[in-house]
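# Close look at the chain arrangement
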Amino acid sequence: MKLYKSIFIAVFVLPLMVFAQDEKDTIATTSKVKLERAAFESTALIDNQTNVVNTKGTLEMVMNHRFGLVNGTNDMIGIWGPANIRIALSYAVTDRITVGFGTTKDNRLQDFNLKGAILRQTRGNEMPVSVTYYGNYTIDARPKENFIHTGDRYSFFNQIIIARRFNKNISFQVSPSLSHYNVVESTMRNDMFAVSVAGRYKISPQTSIMAEYHLPLNTYQINTPKPGINLGLEFSTGSHAFQVFVSNYKGIVAQKNYMYNQNDFFNGDFMIGFNITRLWHL
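Computed from a predicted structure; not experimentally measured.

What follows deals with the side chain of Lys250. Looking at the element boundaries, Lys250 is found in the loop between strand 13 (240–247) and helix 2 (254–260). At 4.8 Å, Asp106 is the nearest oppositely charged side chain to Lys250, a buried residue that forms no salt bridge. There is a polar contact of 2.6 Å between the side chain of Lys250 and the backbone oxygen of Pro82. With residues up to four places along the chain from it excluded, the contact list for Lys250 reads Arg66, Phe67, Gly68, Pro82, Ala83, Asn84, Asp106, Asn257 and Met271.

And the structure:
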């Protein structure tokens, strides 16, 4: 019950916190406090959400694609292997709150998500970091014979993203998270605490080098999930972002990766992937 209370507080109390912060920002603006430019170019950095929340009225479409594992066989570096795909839409209700929906091929996952800017970094370091909440409620939509009860389909994810833009080229973030599955194997736990660290270095106005490391903190009796490692490039314009990378995470939906990943990057278990983002300002 404590977990569900936490989720309730995060989902329903967060908007009130945001609106209260809006009032503080209004006061700050009258004192000529300016917000820092966004730490990242898009709302996600490979497999992790960033602190970026689109401006009010922005519609975002995202396509995430992961090819099969690069295993050295006749599979065209994984391109001919089994792929996982997610397509998602999100809409910025305010300058601080975004709601969205995504559908993923593997396990037919349907995720409803919420993102809210709690604190935002300022240029004068009155606020040195940005703090953002991201969470989702996900339904496994495979046929009913895969489940005993309807509630067995549900999983949840909650994350706090703490980010800082150090200068025009370097940005960094740390993101603790909690994943929850209603039903897991007897050797597993229902909850997984994890932490992610990620950074970006711009090598040109439109091109950046990206890196992420995801560390699950809980252990299982057997098959404890492996850490996630991602390395890639991002090419962005005002309304488009294209990322290409190598990763050992295939689940795309965050809790799927944190709870179940068995691909060991250092043992050669990795795949090629790409993300495409398109924005429309309505």
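Looking at the element boundaries, Ser239 is found in the loop between strand 12 (228–236) and strand 13. With a relative accessible area of 22%, Ser239 lands in the partly exposed category. For Ser239, the residues in contact, after removing those within four places along its chain, are Thr277, Arg278 and Leu279. Within the structure, Ser239 has its side chain in polar contact with the side chain of His240 (distance 3.3 Å).

All right, on to the packing of aromatic side chains then. Enumeration over the complete set of coordinates arrives at 12 aromatic pairs. On the basis of an interplanar angle of 25° and a centroid distance of 6.3 Å, the ring pair of Phe112 and Tyr137 is categorised as stacked. Residue Phe112 is found in strand 6 (residues 109–119), and its partner Tyr137 is found in strand 7 (residues 130–140); the two are separated by 25 residues along the sequence. Seen from their ring centres, Tyr249 and Tyr258 are 6.2 Å apart, and the 80° between their planes marks the pair as edge-to-face. The residues Tyr249 and Tyr258 share a single accessibility class, namely buried. Grouping aromatic residues by their ring pairs yields a cluster made of Phe101, Phe112, Tyr137, Tyr154 and Phe156. One residue, Lys256, lies across the ring of Tyr260, its end atom 4.9 Å from the ring centre.

With that settled, the discussion passes to unusual backbone geometry. With a phi angle near 65°, Ile46 is a residue other than glycine that sits in the positive phi range. If you trace the backbone, Ile46 turns up in the loop between strand 1 (44–45) and strand 2 (48–49). The backbone of Asn223 shows a phi angle near 55°, a positive value even though the residue is not glycine. Note that Asn223 resides in the loop between strand 11 (207–216) and strand 12. Among the residues examined, Asn223 registers a relative accessible area of 51% and is labelled exposed.

Reading guide: rules and limits
For every chain, the first residue of its written sequence is number 1, and the numbers climb from 1 along that sequence. Thresholds applied to this predicted model are a pLDDT of at least 70 for local features of residues and 80 or more for the giving and counting of side-chain atom pairs; totals over whole chains, interfaces and linings are not thresholded and use all residues. Side-chain figures throughout are based on the complete set of non-hydrogen atoms in the structure, without hydrogens or water. Going along the chain from the N terminus, every DSSP run of H or I of four or more residues is numbered as a helix, and every run of E of two or more is numbered as a strand. Remark: exposure states derive from per-residue accessible area (1.4 Å probe, protein chains only) relative to the maximum for the residue type, with buried under 20%, exposed over 50%, and partly exposed in between. Charge counting follows a simple rule: Lys and Arg are positive, Asp and Glu are negative, and His as well as the terminal groups are ignored. In what follows, salt bridge is the name for a side-chain nitrogen of Lys or Arg lying within 4 Å of a carboxyl oxygen of Asp or Glu. Distance and chemistry together define a polar contact, namely a pair of N or O atoms within 3.5 Å, with one atom able to donate a hydrogen and the other to accept it when in protein, and with adjacent residues in sequence counting only for side-chain atoms on both sides. Residues are treated as being in contact if the distance between any of their heavy atoms lies within 4.5 Å. Centre distance within 6.5 Å is the pairing criterion for rings of Phe, Tyr and Trp, where only the six-membered ring of Trp is used; planes under 30 degrees apart are then read as stacked, over 60 as edge-to-face, and the remainder as tilted. A ring is scored as having a charge over it whenever the NZ atom of a lysine or the CZ atom of an arginine sits within 6 Å of its centre and within 35 degrees of its normal.

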